[in-house]
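Structure at a glance
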Amino acid sequence: MATYRIVFDTVKEGFSRSGRCSVCGKYCKRRTTIEHSINPYNVTKDGRPKGRSEVYKDVLAKGAEWEAKPLVCRACEEGKTDDQQTT
Ligand SMILES: [Zn+2]
């Protein structure tokens, strides 16, 4: 049985940053990949499908947003720290 899947082209960019975690203060490195697909539903404000360069701009904007957020290490993000227990 054949299955059909529509695969849209995607725009991907990796971002990384390092520094002290804003929660526990430990030095950490985080990386993320922002991926947006180029598809007919991803449209501009005037209803036109976005081209690759426009989608890439969105990806960069998302990356900048991520970089502007306080740095949180993986352990803190996943809530695995001991000092966050409720008493
Ligand atoms: Zn942390």
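Here, the structure is the one placed above.
Bear in mind that the values here come from a model prediction, so they are computed numbers and not experimental data.

1. Concerning the overall build of the protein
What the protein contains, in helices and strands, is two helices and two strands. Its helices and strands in sequence order give the protein the pattern β-β-α-α, from N to C terminus. Here the protein holds 87 residues, and 2% of them are scored as buried. Long-range pairs, those at least 24 residues apart, make up 58% of the contacts in the protein between residues at least 6 apart in sequence.

2. Observations regarding the environment of Val59
When you line up the elements, Val59 lands in helix 1 (residues 52–68). The exposure class of Val59 is partly exposed, given the 19 C-beta atoms found within 10 Å. Taking C-alpha positions, Val59 is 9.3 Å from Thr33, a pair spaced 26 residues apart along the chain.

3. Description of the pairing of strand 1 (residues 9–20)
Burial of strand 1 is sparse: only zero of the 12 residues sit out of reach of the surface. Taken together, the 12 bridges between strand 1 and strand 2 (residues 27–38) define a ladder with antiparallel strand orientation. Bridged to Ser18 within strand 2 is Lys29. Taking the residues between adjacent antiparallel strands as the criterion, strand 1 and strand 2 are bridged by six residues, where Gly25 takes a positive phi near 80°.

4. Topic: the environment of Cys28
For Cys28, the location among the structural elements is in strand 2. In sequence terms Cys28 and Arg17 are 11 residues apart; their C-alpha atoms lie 8.5 Å from each other. For Cys28, the contacting residues outside a window of four places in its chain are Ser18, Cys21, Leu71 and Cys73.

Reading the values: rules and limits
- Residues numbered from 1 in each chain as written.
- Predicted model: local features only at pLDDT ≥ 70, side-chain atom pairs only at ≥ 80, totals over all residues.
- Helix = DSSP H or I, 4+ residues; strand = E, 2+ residues; numbered from the N terminus.
- Buried ≥ 20, exposed ≤ 12 C-beta atoms within 10 Å, placed from the backbone.
- Contact = placed C-beta atoms within 7 Å.
- Pairing = 2+ DSSP bridges.

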